[in-house]
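Letter by letter, the chains look like this.
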Amino acid sequence: MNLPERHTKFSGFCPVGIFTCQTLLRIISISLLHAMGLQAMNLSQDSMIDPGTLMWYRQPAGQWEDALPVGNGRLGAMVYGRTSEEIIQLNEETYWSGGPYSTVVKGGYQHLPEIQQALFAGDPLKAHKLFGRYLMGYPVEQQKYQALANLYLFFDHHDSITNYRRSLDLSTGIVSISFEQNGVNYQREILASVPDQTIAIRLSADHPGSLSFGIQLRGIRNPAHSNYGTDYFQMDVEGKDELKLTGKSTDYLGIEGRVHYEARVKVVPEGGSLNVDGTRLQVSGADAVTLYVVAATNFVNYHDVSADQHVRVLRNQDNLTGRSFASVKSDAIKDHQSFFQRVRLTLPVTSSSYLPTDERMQALGKSPDPSLAALCYHFGRYLLIASSRPGTQPANLQGIWNNNMNPPWDSKYTTNINTEMNYWPVETGNLSELAEPLITMVKELTDQGAQVAREHYGARGWVFHQNTDIWRVAAPMDGPTWGTFTVGGAWLTTHLWEHFLFTRDTSYLRDVYPVLKGAAEFFMDFLVEHPNGKWLVTNPSNSPENPPKGPGYRYFYDEVTGMYYFTTIVYGSTIDMQILKDLFSDYCSAAAILRVDGEFSEKVSKARGRLVPSQVGRDGMLQEWTEDYGQLEEKHRHFSHLYGLYPGNVISLRHTPELIEPVKKVLEQRGDGGTGFSRGWKMALWARLHDGDRADSIFKGYIAEQCYPSLFAKCFTPLQVDGSLGVTAGITEMLIQSQEGVIELLPALPGAWEAGRFDGVCARDGFELNLGWEDHRLTDVEILSKAGMPCRLRLRRSVRVFCDGQEVPILPSGEGAVEFPTDKGKRYLITFLN
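What you see is a predicted model; the values in this text were computed from it and never measured. (Residues numbered from 1 in each chain as written. Predicted model: local features only at pLDDT ≥ 70, side-chain atom pairs only at ≥ 80, totals over all residues. Heavy atoms only, no water.)

### Structural notes on the overall build of the chain
Logical step 1: Broken down by element type, the chain carries 18 helices and 38 strands.
Logical step 2: Considered along the principal axes of its C-alpha atoms, the chain spans approximately 85 × 70 × 50 Å.
Logical step 3: Considering the chain as a whole, with its 834 residues, one finds that 64% of them fall into the buried category.
Logical step 4: Once local pairs closer than 6 in sequence are excluded, the contacts in the chain between residues at least 24 apart make up 70%. (Helix = DSSP H or I, 4+ residues; strand = E, 2+ residues; numbered from the N terminus. Buried < 20%, exposed > 50% of the residue type's maximum accessible area, 1.4 Å probe, protein only. Contact = heavy atoms within 4.5 Å.)

### Thoughts on the packing of aromatic side chains
Logical step 1: Counted by the stated rule, this structure contains 32 aromatic pairs.
Logical step 2: The interplanar angle of 20 degrees and the centroid separation of 5.3 Å between the aromatic rings of F179 and Y186 together place this pair among those described as stacked.
Logical step 3: For Y186, a relative accessible area of 10% corresponds to the buried category.
Logical step 4: Here the aromatic rings of F379 and Y382 are separated by 6.4 Å at their centres, their planes lie at 20 degrees, and the arrangement is stacked. Within this pair, F379 and its partner Y382 are both found in helix α7 (residues 371–387), separated by three residues, close to a single helical turn.
Logical step 5: For F379, a relative accessible area of 1% translates into the label buried.
Logical step 6: For Y382, a relative accessible area of 2% puts it in the buried group.
Logical step 7: Ring pairs connect the aromatic residues W482, Y555, Y564, Y565 and F566, which therefore count as one cluster.
Logical step 8: Directly above the ring of Y57 sits R166, whose terminal nitrogen or CZ lies 4.5 Å from the centroid.
Logical step 9: In this structure, R381 is placed above the aromatic ring of F340, and the distance from its NZ or CZ to the ring centre is 5.7 Å. (Phe/Tyr/Trp six-rings, centres within 6.5 Å; stacked < 30°, edge-to-face > 60°. Lys NZ or Arg CZ within 6 Å of the ring centre and 35° of its normal.)

### Things to note about the packing of helix α11 (residues 488–503) against helix α12 (residues 506–526)
Logical step 1: Running from amino to carboxyl end, α11 crosses α12 at an angle of 155 degrees, the nearest separation of the two axes being 10 Å. One way to sum up the angle between α11 and α12 is to call them roughly antiparallel. Considering the relative orientation of α11 and α12, their crossing is left-handed. Residues A490, T493, L496, W497, H499 and F500 of α11 form the contact with α12, whose own contacting residues are T506, Y508, L509, V512, V515, L516, A519 and F523. (Axes fitted to C-alpha atoms, helices over the stretch in contact; angles between N-to-C directions. Parallel < 35°, antiparallel > 145°, perpendicular 65-115°, else oblique. Left-handed = near helix turned anticlockwise from the far one by under 90°.)

### A short note on the sheet that holds strand β37 (residues 818–820)
Logical step 1: Read across the open sheet, the five strands follow the order β28-β29-β33-β37-β36; overall the sheet is mixed. Only two strands of the sheet have a single partner each, and these edge strands are β28 (736–737) and β36 (811–812).
Logical step 2: As paired elements, strand β33 (residues 791–794) and β37 share three bridges and run antiparallel to each other. Its bridge partner lying in β37, R792 is registered against E819. (Pairing = 2+ DSSP bridges.)

### Here's the deal with the sheet that holds strand β14 (residues 273–277)
Logical step 1: Strand order in the open sheet formed by seven strands is β2-β3-β4-β5-β10-β15-β14, with antiparallel pairing between adjacent strands. Sheet topology places β2 (68–71) and β14 at the edges, where each strand pairs with a single neighbour. Recorded for the sheet is a direction-independent mean angle of 20 degrees between the axes of neighbouring strands.
Logical step 2: Note: β2 against strand β3 (residues 75–79), four bridges, orientation antiparallel. Each residue of the ladder has a partner; that of G71, found in β3, is G76.

### Topic: helix α5 (residues 325–340)
Logical step 1: End to end, α5 covers 22 Å across 16 residues, agreeing with the expected 22 Å (1.5 Å per residue, within 8%).
Logical step 2: Among the residues of α5, F325, V328, A332, I333, D335, H336, F339 and F340 are the ones counted as buried. The arc enclosing the buried residues of α5, seen along the axis, measures out at 165 degrees, which places them on a common side. Exposed and facing more than 90 degrees away from the buried side of α5 are A326 and K334.
Logical step 3: Buried-residue contacts for α5 involve β7 (174–181), β8 (184–193), β9 (198–205), β16 (288–297), α4 (309–320) and α7. (Expected span 1.5 Å × (residues − 1). Arc of directions from axis to C-beta.)

### Observations concerning unusual backbone geometry
Logical step 1: Of note, the bond from N539 into P540 is cis; its omega dihedral lies within 30 degrees of zero at 5 degrees.
Logical step 2: Locating P540 in the fold gives a position in the loop between β21 (536–537) and β22 (548–549).
Logical step 3: The step from P544 to E545 runs through a cis peptide bond, and the omega angle for that step is -25 degrees.
Logical step 4: Note that E545 resides in the loop between β21 and β22.

### Quick word on the nonpolar core
Logical step 1: Residues L151 and L769 are the most contacted members of the largest nonpolar core, which totals 234 residues.
Logical step 2: No other element matches the twelve residues that α7 contributes to this core.
Logical step 3: Each residue touching L151, except ones within four places of it in the same chain, is listed here: E86, I87, I88, L90, I201, I215, Q216, L217, V265, L291 and V293.
Logical step 4: Among the nonpolar cores identified, the runner-up in size contains twelve residues, and L191, Y292, V328 and A332 belong to it. (Core = buried A, V, L, I, M, F, W, Y, C linked by side-chain atoms within 4.5 Å.)

### Describing the side chain of D50
Logical step 1: You can see D50 is positioned in the loop between α1 (14–34) and β1 (54–57).
Logical step 2: By relative accessible area, which is 10% here, D50 ends up buried.
Logical step 3: Within the structure, D50 has its side chain in polar contact with the backbone nitrogen of G52 (distance 2.9 Å). (Polar contact = N/O pair within 3.5 Å; in protein donor to acceptor, adjacent residues only side chain to side chain.)

### Side note on the pattern of salt bridges
Logical step 1: Going through the model one piece at a time under the given rule, you end up with 49 salt bridges.
Logical step 2: Between E86 and R188 there is a salt bridge, with its nearest N and O atoms 3.1 Å apart. Remark: R188 occurs in strand β8 and E86 occurs in strand β4 (residues 85–92); sequence separation between them is 102 residues. In terms of burial, E86 and R188 fall into one category: buried.
Logical step 3: Note that R221 is salt-bridged to D231, the shortest N-O span being 2.7 Å. (Salt bridge = Lys/Arg side-chain N within 4 Å of Asp/Glu carboxyl O.)

### Brief notes about the pairing of strand β15 (residues 280–286)
Logical step 1: Pairing geometry for strand β10 (residues 211–219) and β15, over four bridges, is antiparallel. Residue G214 lies in a different strand from β15, and its bridge partner there is Q282.
Logical step 2: Taking the residues between adjacent antiparallel strands as the criterion, β14 and β15 are bridged by two residues, where G278 takes a positive phi near 65 degrees.

### Thoughts on the environment of S160
Logical step 1: Tracing the backbone shows S160 in the loop between β5 (149–155) and β6 (162–169).
Logical step 2: Its relative accessible area of 55% is what places S160 among the exposed residues.
Logical step 3: The residues contacting S160, other than those within four sequence positions of it, are E180 and Q181.

### As for the confidence of the model for the chain
Logical step 1: Of all residues in the chain, 94% have pLDDT values of 70 or greater, and the mean over the chain is 94.
Logical step 2: Contacts for the low-pLDDT stretch residues 1–23, under 50 throughout, to residues beyond four places or in other chains number 57 contacts.
Logical step 3: Segment residues 28–45 is flagged for pLDDT under 50; beyond a separation of four residues in sequence, or across chains, it makes 23 contacts in the model. (pLDDT = per-residue confidence, 0-100.)

Rendered as structure tokens:
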């Protein structure tokens, strides 16, 4: 087993170094007990790998979903690893259908009172119809993320192939393919570079002159519908060593396609010859070949497409001039590891841990393999590093990887769970800078969001619903069954507040404060009094995407969607109330920290006190709606009314014990199955309930049923990144929690994870932790204070705290916690007395 280099960082603290060695030796001893059969399994070579960071396979990808991803935040590629006809599928994150547009419908607010009255009067279908006619955005649908190109490599590898291996090293970001044919060993390396803004592909062989293959860069059209006939592409050879692809996006929904793109592939052979064959380049008898892929569009931002894609591509190419592959690779790895190496999770390995990834997944139901959870944890962080960099677009439903001109759900930003889930692990995963694309998107949404607030609802501030695209439209879309989710923007603002909690950066808080205030302003205008005269409710509202079962609710033919379907429209869904409790608390805290808007903050605080309280229904479950409705879909994939437990901070074991059994009844009733994102959410929910074994059981079910061999999550069948990132967040919650102002370590540790290390993980108030455990008990904890905030810990054991060799006084802090002061930039060693 390879041990992480991170552990050398403890050299300044001798006791921690000792504890670290003890813990690692314990992990190794457990691992060796499980690995006694390695020689018999002929895995001696494979046992040298790091099973927590290396994904590998004995065969090429059979389908796109099984290909391996690389990305630099802007460019993405999926590598199949085929020997005779290799496919490297390419994306550029700003290539979308359409162009800048608006979905705001003026004057809709005039019909809002009638909609609200219909709901209070028990006529949801009337409310649904009115909302569909007057408050839906237009166009009703939104734009689509597009596939850019396919790079084909054509080989004459039809003879027997042996010793095939395909891998993705998460620690370097490099996809490797190796195999032997006719006594020649072939090697490929594929990486996505941020410093050089390229996807680089290196092909080599251990016998001179062994590389001969054709290269073609193919564009992609959308033949599914006649209105897609306005896109085009052209494939050309530029000079004698370059392929060029140019084109534009399609018109869609009446919106002109205004995105123009250019992609180029520069071929650099070593030895042999390079010739032009139509729209192909042909390499013959080379020793090695490097391909550099560059691509760009004319996209500047959501309302500006005035850039010159040709100039951008040439600039990126010029920057590569004179650069060797070794230099490009070295700089790409250095950049990648500046993020990836910040955190390391180590869990016990078994004989199964050294199997190829797909075989590990198949074996998990029969043979323990805790380290597979570490691999999935690291894969989630890898996806964020590859798809969300400062200055890029946020990760969408599929990150930045998409091979379909009509991708499932348009590969947009779905904000009734999916986009938020993509960023659940960004702060705890020590990737705080990678939240910038999401934060920027929220700021941009306030543009049309303010127009929607005014025209659709007659309100101040800004509002956003359940979906947007690269053009940052904000009005309700799809239909009233989905579009009445008015708290999508409010949910996103909680991510802005979380970023502050993890960084304690008041300059940043001052920058995003208008966004928080605008969201609060909207709901202060939108909330209406419940007929009981006590509560304030959102009206209209829904609980994604679950239809109530009660008076007035039935299947019907919807004139908006043209489907025989149900409605979800209600007033005062539980998730609305929970999100607004968080939004209002966050806003009031921000105003207090910045010492602004005291009068408005007081009004917001009073309104929070009037929001509908959490209620328990006649079935003993936490109610999903203000009224005690049943469910038309009892095993629904969403857990919207459990937002308050996770990711929210409204329900907890410690502060709302009376709600824990009703919450558990919801979880039990809906079961442990469902989509990939649903299972990632369930892992985190059970972790917040301190049930690590249940969370681990759900993880195993996820691996068996809702995870591709590439570790991408499934949404039943379509590939999505939300579940992969939700699993990363769930694993984090099993090992550390800090949502209530106190750091709790190993709160939901599964029995199978008896020993391990978690180094570099972050907690709120600006703390970075390294911790180890054995026999299910902490052995060592080191805390770096990044913000100089007081540190509160709940360890359930007697401890002493040291900094620079000096003992730090600790005080009891209530509820079994201790507290001690910290200085910014200092490290604190926790030693256990029992």
